[in-house]
Amino acid sequence: MPSTEVKKDRVGIDCVHYINGEYVHSKSGETFENPNPATEEILGTVAVGGKEEVDEAVSVARKALKGEWADMPSRKRSNVIRKIGDLILERHEELATLESLDTGKPLWLSKSVDIDRAANNFHFFADYLTTVGTETYQQDDKAIHYAVRKPTGVVGLINPWNLPLFLLTWKLAPALAAGNTVVMKPSEVTPMTATVLTEICKEAGVPDGVVNTVHGFGETGAAISSHEDVDGIAFTGETVTGTAIMKAAAPTLKKLSFELGGKNPNIIFADADLDDTIETTIKSSFINQGEVCLCGSRIYVERPIYDEFVERLTAKTKEMKVGDPFEADTNVGAMVSEEHYNKVLSYLDIAKEEGGTFEIGGKAAEGFDKGYYIEPTIITGLGKDSRCVQEEIFGPVVNIVPFDTEEEVLEQVNDTHYGLSASLWTTDFKRAHRVAGKIETGMVWINTWFLRDLRTPFGGTKHSGIGREGGMHSFEFYSELTNITIKL
Ligand code: NAD
């Protein structure tokens, strides 16, 4: 059984599956060790779910679609979902500690973003579900047509490691609000907060079998994706994994919602408020060690302010402290794993080979005997076909390029397979509106970044995703409409 009590010495927890309201080990007994990326100490073990655990979780989730959960009045369901958010806030410190231990991100960030927003996801969808309607049409005096909303069914929620609880709850809250049952697969890299979340769901009054977790690697996710009794998969992760899930899900024609990778541009015109731009660009470049799908890693700056921009951003970056995630003044913590650390470092080697100049950074951070720390890095001088410009690095690494015209910058910005988000900086609102409409991404922020309202459509175009999450868009994925026609 997992002990969810976080000890004073910051030891983590063992993670086992949660099926039908019980914490259970794998039948095979197979586990792996979960390292703390900031210290390389072992936080605990994680059970590896096989076909048996996935079959069991799907079977109980299918049964739980009927009975207490289906019969629960929407007001009561809303109260249960709100209570999950309340309990997350009650266990805020513990969850934030676990999240930082697992990911290497600064504790202040886990507290102010990950855990707060996780609670907010439940509070938002608890309210939202009580307001959701459907369509009704009166066809002259011939008929009335109306739609009734039903849950999608058993939904698999497959999650990445960068914002573990925040992104898991961004799927779980609407899935529950729409009356589904779920099988969750947290990332093998960051399994701890998901393990605590199921305990919270139970305490909040979610009936057994409605929320299930099976831990493991990609094979466990694949077993969920290909399962004939799973009706939909909501996945956030790498684009290449999305294609594997799509293939695995095809024979059973599942509903799919994909939030995938990004290589997001920041476009900065010479008339932008530069103080504000620099302040926000530091965040959009390096927050969460650059491990946010929305981070702006391709920065395009209009030539008249290019030199000043590079100089000021570099100076600000120099002030950033790379350090222990549990120290209050740390800006950049540890990369999430040894594997990811090596991947990011390999891109720094590629940048050198491709003729890039490091304005700052470009290597592992010094002064650490253990842990996976990388210096915040600004690169200039790379061509548009460079791998560092085209491929998602997902670390504290940005590339800056000068531009002369709107047409030229739009061509470069759109010259990528990705299409998640963009951040556009100008005080000319006609231009802002014109350029924003021509950027091939699902989201464009003007004079800001990562400013979210949970009612708005969230998601990517091209290889950055399929479908949208948020408000009604989440409900569309997590519910099915049946149209009923009455002849008059
Ligand atoms: P990943 O694709 O490696 O893993 C995500 C999850 O998929 C994990 O739980 C993993 O075990 C599982 N998985 C792996 N192979 C699978 C398979 N064949 N079938 C089913 N499941 C499988 O992604 P990651 O490295 O954990 O996360 C980083 C990626 O996530 C980045 O590309 C980032 O841009 C993306 N991301 C996107 C968004 C968004 O909203 N668009 C948000 C956060 C992260």
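The structure under discussion appears in the preceding block.
Residues numbered from 1 in each chain as written. Predicted model: local features only at pLDDT ≥ 70, side-chain atom pairs only at ≥ 80, totals over all residues. Heavy atoms only, no water.

1. Concerning helix H12 (residues 338-353)
Here is step 1 of the chain: When the terminal C-alpha atoms of H12 are compared, their 23 Å separation across 16 residues agrees well with the 22 Å that a helix rising 1.5 Å per residue should span.
Here is step 2 of the chain: Of all the residues in H12, the buried ones are His340, Tyr341, Val344, Leu345, Tyr347, Leu348, Ile350 and Ala351. (Helix = DSSP H or I, 4+ residues; strand = E, 2+ residues; numbered from the N terminus. Expected span 1.5 Å × (residues − 1). Buried < 20%, exposed > 50% of the residue type's maximum accessible area, 1.4 Å probe, protein only.)

2. Some thoughts on the pairing of strand E13 (residues 296-302)
Here is step 1 of the chain: Burial of E13 is extensive: seven of the seven residues sit out of reach of the surface.
Here is step 2 of the chain: Two strands pair when backbone bridges link them, and strand E12 (residues 264-268) and E13 are joined in this way by five bridges, in the parallel orientation. Bridged to Ile267 within E13 is Tyr300.
Here is step 3 of the chain: Note that the unit made of E12, helix H10 (residues 274-286) and E13 has a crossover that is right-handed.
Here is step 4 of the chain: As judged from the five bridges shared by E13 and strand E16 (residues 397-403), these two strands associate in the parallel manner. Following the sheet pairing, Val301 is matched in E16 by Pro402. (Pairing = 2+ DSSP bridges. Right-handed = clockwise from strand over helix to strand, strands pointing away.)

3. A short note on the packing of helix H5 (residues 107-128) against helix H6 (residues 164-177)
Here is step 1 of the chain: Contact geometry for H5 and H6: axes closest at 8 Å, N-to-C directions at 5 degrees. Compared by their axis directions, H5 and H6 come out roughly parallel. Between H5, through Val113, Asp114, Ile115, Arg117, Ala118, Asn121, Phe122 and Phe125, and H6, the contact on the second element is made entirely by Pro164, Leu165, Phe166, Thr169, Trp170, Leu172, Ala173, Pro174 and Ala177.
Here is step 2 of the chain: Here the residues of the contact of H5 with H6 are counted per class, giving 13 nonpolar, two polar and two charged. (Axes fitted to C-alpha atoms, helices over the stretch in contact; angles between N-to-C directions. Parallel < 35°, antiparallel > 145°, perpendicular 65-115°, else oblique. Contact = heavy atoms within 4.5 Å. Nonpolar A, V, L, I, M, F, W, Y, C, P; charged D, E, K, R; others polar.)

4. What to know about a negative patch on the surface
Here is step 1 of the chain: Together, Glu40, Glu238, Glu338 and Glu339 line one region of the surface with negative charge.
Here is step 2 of the chain: Looking at the element boundaries, Glu40 is found in the loop between strand E3 (31-35) and strand E4 (42-47).
Here is step 3 of the chain: Given a relative accessible area of 32%, Glu40 falls into the partly exposed group. (Patch = residues over 30% accessible without salt bridge, like charges linked within 9 Å, V, L, I, M, F, W, Y side chains within 5 Å. Areas by Shrake-Rupley, 256 points an atom, 1.4 Å probe, with all protein chains shown as cover. Salt bridge = Lys/Arg side-chain N within 4 Å of Asp/Glu carboxyl O. Lys, Arg positive; Asp, Glu negative; His and termini not counted. Charge placed at Lys NZ, Arg CZ, Asp CG, Glu CD.)

5. Considerations on the packing of H10 against helix H11 (residues 303-318)
Here is step 1 of the chain: For the pair H10 and H11, interaxial distance at closest approach is 10 Å and the crossing angle is 55 degrees. Classified by the interaxial angle, the pair formed by H10 and H11 is oblique. Crossing hand, H10 versus H11: right-handed. Across the interface between the two elements, Leu274, Asp275, Thr277, Ile278, Glu279, Thr281, Ile282 and Phe286 of H10 pack against Ile305, Glu308, Phe309, Arg312, Leu313, Lys316 and Thr317 of H11.
Here is step 2 of the chain: Residue composition of the contact of H10 with H11, grouped by class: seven nonpolar, three polar and five charged. (Left-handed = near helix turned anticlockwise from the far one by under 90°.)

6. With respect to the environment of Gly67
Here is step 1 of the chain: Along the chain, Gly67 falls in the loop between helix H1 (51-64) and helix H2 (68-71).
Here is step 2 of the chain: Sequence-wise, Gly67 and Leu107 are 40 residues apart; in three dimensions their C-alpha atoms are separated by 41 Å.

7. As for the site of the ligand
Here is step 1 of the chain: In the neighbourhood of the ligand, 31 residues make up the surrounding shell, with Lys185, Glu188, Thr241, Leu260 and Glu392 lying closest.
Here is step 2 of the chain: Separating an oxygen atom of the ligand from a side-chain N or O atom of Lys185 is a distance of 2.7 Å.
Here is step 3 of the chain: A distance of 2.5 Å separates an oxygen atom of the ligand from a polar atom in the side chain of Glu392.
Here is step 4 of the chain: Elements that contribute at least two residues to the shell around the ligand include exactly helix H8 (218-225), strand E10 (232-236) and helix H9 (239-249). (Near = heavy atom within 4 Å. Polar contact = N/O pair within 3.5 Å; in protein donor to acceptor, adjacent residues only side chain to side chain.)

This is a description of form; function is not addressed.
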